[in-house]
Each structure stands twice: as C-alpha cells, then as structure tokens.
Amino acid sequence: MSDNTITIDGQAVPFAPGQTIMEAAMAAGVYIPHLCHNPEFTPHGSCKLCTVTVNGRNAASCTMPAAPGMVVQNDTEELNANRRALTQMLFVEGNHVCPFCEKSGNCQLQAMGYFLGMMDPHYDQFYPPRDVDASHPDILLDLNRCILCELCVRASRDVDGKNVFGVTGRGPHTRITVNSASGRLGDTDMAVTDRAADVCPVGAILKKRHGFEVPIGQRTYDHKTIKDVHMEEAGK
Amino acid sequence: MSQKPLLTTEAAGTACALPDAGPVILAPAEEKRKIRVATCSLAGCFGCHTSFLDIDERILDLLKLIEFDRTPLTDIKHCGPCDVGIIEGGVCNSENVHVLKEFRKNCKVLVAIGACSVNGGVPTVRNNIDLWECFQEVYHYGIGLKNGMIPNDPELPLPFDQVHPIAEVVKVDYFLPGCPPSADAIWKFLTDLLAGREPKLEYETLHYD
C-alpha cells in the first residue's frame, strides 16, 4: 500500500492504480492549475497548464499516470511562470474582450489570469479572424473566444452521443467545426439542455438570453479564485 | 522590475502617511518637489480617467504628492518631462502614436491603464473589418444617416487598419488592467508606486472587465 504514493512538493499523496497525477492530487486536496481538464471527461492534455515536473522532466499531470515513488514539483515559481505564459498565449491567440463578454466573471481563462497574477498579455496580439455562429435558436457559438480545450467535443460525443463538434485545420488555423452539412449549429440536433451547451470554460458556447444575469460581485470568480472553486468542486 | 523606489530619494527621506497606504518616503527638504504626472486617453473612452476621479476626496491627499503635467484636467497640450505617464486607450491612428512616443520620451515610468491600453480592448472589434467598409457602415449606412460624408479633412489623423495595445509600440513599465480599473485599484496602484513599492493589486481589485 505504501508503494502507491507519490510526493507533490514534498507532500505524500496516495494514488489508486490507474489514477493520473492530477486525479491523485485533486483527491488529496492538492491543486494543480488546469483549463482543458474536467474530471467528468477523458483527459485531453492540450492546454499544458497542468504541466508539473515529474522526476526531473516536465509532463502534463492530467494525462500522466501516477507511479510509485514519483517525485513531483507543482507549485513552483518556474512552473507558475510557465503557466502564466501559456495563459498569456491563449489570450493573444484569440479575441478575448473581457469588457463585453457575457462569460466575464464566470470565465475560467480569465480566472486563471487573475490566479496567476497576469497583468498584461506580454505577447503581440494575433487578432485572428474567427467566425460567430448565431444560427441556433438557443445557443451562440463564438469562436473568437475558443481556447480549443475540446470539452464541447468530448461532451457532445461522450455524454450527449451527438458528435456535434469536431476540430479541423492545423497550427494557428485549428478551429472547432460543427458537424452539419451547412456547418451551422442551427442545422444540428444540439439542444440547450445538452452537456455540451454548458461545459465551455470560456465564452465560446453560450446559452442565449442568459447574458449578464448575475450582477458583478456575485459572479463565480468575483471573490473566489479558480483554485477555490475547483477544490470545492472536488469536495476539498 | 527593481524593488528600488523609482520616484523618490530614499536616503534621508521624511515620511508622511497617506490614508490606508502606509508611509510614503519623500525627498529631503532641499530636493523636495512633487512627482510630476501626465495622463492622456488615446483610443479609449475616458472611462479610466473618470474612474480615477472616483478616488473622490483622496485626490486632495494625492495632490500633496503629485502635480499634473499634460492631462485632460489641465488642458496642457504637450507632455513635458515627467516622472509618471499614464496612458488610457490603445493605438488606432497616427496621432495616437505621436502622443504615445512623446509620453515615452518624457516619462520615467509609463503606465498602461485599462483594457484598451493593455490589450486593445473594445475598439479591436473592428480589427477584422475592412476599414473602408467600417467607415461606410458608420457614415453611410448606419441607422438614421442621410447623405453621410466620410470625414476627409487633412488635419484629421490617419486611421490605422487595426487597433493595437500601446506595448506593441513603446516599452511599458506597468500595466493596470480593468474596464475601467476601479478607483480603489487605481488608488492602490498609485500609492504603491509613489511609495516606491512594486504595485500589487489584491485578488478582488484585479479585473479584466
């Protein structure tokens, strides 16, 4: 039994065989910053925010299985600086205009910026041309804000069984695509009650007619950090 | 960034206290002078300046320590040598760049205040719209317009095809995000800076919206 233990920043963390470092950490109340990871879904390993140092090498903790005796560094100045840089890149690679975004205050990307003390974008802005699809009567798809976490892809495929979303293109042209002949969301069978409709960590998929319902000061991350919220969700 | 006070003489300083801001070190009496501050709004809405004025009566305490150079409050047209320059708004035309470079040349410390200054903000919504189409929509086809003419006076600054944050044009020393940053955030930032501390916002005063 004592074999199934790793250490994270010097703290002993037990794991069950098959658990990832992220799963073991969250179960033990140790927070590892993450955006594309959602414990409900198969790990994706794309945002790299959860990168930790495992036995001297960097690895995504959401996909790396825990193994006996692993020595993991997580909350270090260097790793948090990397996480801040990744968050800055996610901001400049899209068109994230927090002042008028309906998701503002409830957005995980924004909350991660606050948590990591991001004061500026650091990198030059891309201002990429991105599409907005308002064809669905109840759901808005705004790719300006997409960070390609693919949670909508996973939710629609694995929970809703509808395969509404996919990913197309390469490199900076990678984007979420809609699985209908017209490519429009309004021509799919997606429903506002689908899991894919409220899994988006940013403001790329929004339910229509619910914008700005919650006043400033009462939004998810107005007083609580993303760490507080994620640990509460994990029951810690 | 250095922890050393940027604006004040540390040695033989005399301390005075700003409310809620800890001790502020002032220069020795013979060198005592006020910190000179310039501000302007480029491609912004003056909302950050308005939020700055929301520090209310605290501005009286501030004025014991600072004096204004070019600002919308003084109506001075050009920025002279200053300790701190505070820029609201991004860069959307040629005049913005001239003003910004004048500030950078004259200010020891340059601060980007507000979302537009930090990352371009709301005006960047036009960045993926052709400039000519944008003008036509605004002056020809907009609701309620009749015989609209696109302004073309030679004195008008040349608009750019995109709006960009100021850090893409000049070096920026500090960023204070928010749309606008709250008066408390601005007060905390300025009092930190004037006291020679590295400005640091608490979690609840750091906002991008």
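The structure reproduced in this document is the subject of the present report. Here the structure is a predicted model, which is why all the values come from computation and not from measurement.

Calculation notes
Residues numbered from 1 in each chain as written. Chains lettered and ligands numbered in written order. Predicted model: local features only at pLDDT ≥ 70, side-chain atom pairs only at ≥ 80, totals over all residues. Heavy atoms only, no water. Pairing = 2+ DSSP bridges. Helix = DSSP H or I, 4+ residues; strand = E, 2+ residues; numbered from the N terminus. Axes fitted to C-alpha atoms, helices over the stretch in contact; angles between N-to-C directions. Contact = heavy atoms within 4.5 Å. Buried area = accessible area lost by both parts, 1.4 Å probe. Salt bridge = Lys/Arg side-chain N within 4 Å of Asp/Glu carboxyl O. Polar contact = N/O pair within 3.5 Å; in protein donor to acceptor, adjacent residues only side chain to side chain. Parallel < 35°, antiparallel > 145°, perpendicular 65-115°, else oblique. Buried < 20%, exposed > 50% of the residue type's maximum accessible area, 1.4 Å probe, protein only. Phe/Tyr/Trp six-rings, centres within 6.5 Å; stacked < 30°, edge-to-face > 60°.

Here we come to the sheet that holds strand E5 (residues 71-73) of chain A. All names here are of chain A. Read from one edge to the other, the open sheet built from 5 strands follows the order E2-E1-E5-E3-E4, with strand pairing classed as mixed. Each edge of the open sheet carries a strand with a single partner, namely strand E2 (11-14) and strand E4 (57-60). Along the sheet, successive strands turn relative to each other by an average axial angle of 35 degrees, direction set aside. Together, strand E3 (51-54), E4 and E5 form the strand contacts of helix H2 (residues 77-93), whose direction differs from that of E3 by roughly 150 degrees.

Turning our eyes to something else, we now look at the interface of chain B and chain A. Between chain B and chain A, the contact holds 25 residues from the first and 29 residues from the second. A combined buried area of about 2100 Å² lies between chain B and chain A, and 61% of that area is made up of carbon and sulfur atoms. Considering only the surface of chain B that becomes buried against chain A, Tyr203, Tyr208 and Asp209 of chain B emerge as the three largest contributors, covering 36% of it. Its salt-bridge partner being Arg219 of chain A, residue Asp209 of chain B comes within 2.8 Å of it at the nearest N-O pair. Taken together, the links from chain B to chain A amount to 13 residue pairs in polar contact (both at pLDDT 80 or more). Mapped by element, the contributors of at least two residues to the side of chain B that touches chain A are helix H4 (115-119) and strand E8 (159-164) of chain B.

Turning our eyes to something else, we now look at the environment of Ala204 of chain A. Along the chain, the position of Ala204 of chain A falls in the loop between strand E9 (175-178) and strand E10 (205-207). For the pair Ala204 of chain A and Tyr221 of chain A, spaced 17 residues apart in sequence, the C-alpha separation works out to 18 Å.

Time to look at the packing of helix H3 (residues 108-115) of chain A against helix H6 (residues 226-233) of chain A. Residue and element names in this part refer to chain A. Contact pair H3 / H6: the axes reach a minimum separation of 9 Å and the direction vectors enclose 120 degrees. Between H3 and H6, the crossing angle belongs to the class labelled oblique. For the pair formed by H3 and H6, the contact residues are Gln108, Ala111, Met112 and Phe115 on the first element and Ile226, Lys227 and His230 on the second.

Glancing now at the side chain of His49 of chain B. All names here are of chain B. Relative to the helices and strands, His49 is located in helix H1 (residues 47-53). Looking at His49, the relative accessible area reads 11%, which means it is buried. With sequence-adjacent residues up to four places away left out, His49 is seen in contact with Thr39, Cys40, Ser41, Pro72 and Glu88.

The next point concerns the packing of aromatic side chains. By the definition in use, this model includes 7 aromatic pairs over all chains. Their ring planes at 90 degrees and their centres at 5.5 Å tell us that Tyr31 of chain A and Phe115 of chain A sit as a pair that is edge-to-face. Taken together, the residues Tyr31 of chain A in the loop between helix H1 (21-27) and E3 and Phe115 of chain A in helix H3 connect sequence positions 84 residues apart. When the ring of Tyr174 of chain B is compared with that of Phe189 of chain B, the centres are 6.0 Å apart and the planes differ by 80 degrees; the resulting orientation is edge-to-face. Remark: Phe189 of chain B occurs in helix H6 (residues 183-194) and Tyr174 of chain B occurs in strand E9 (residues 174-176); sequence separation between them is 15 residues. Feature note: the residues Phe91 and Tyr114 of chain A together with Tyr203 and Tyr208 of chain B constitute an aromatic cluster, connected by ring pairs.

What follows is about H6 of chain A. Residue pairs spaced three or four apart in an α-helix point in one direction, given the helix's 3.6 residues per turn. Residue and element names in this part refer to chain A. For H6, every residue scored as buried is listed here: Ile226, Val229, His230 and Met231. Along its buried surface, H6 packs onto H1, H3 and helix H5 (220-223). Two residues or fewer past H6, Gly235 is found with a positive phi of approximately 75 degrees.

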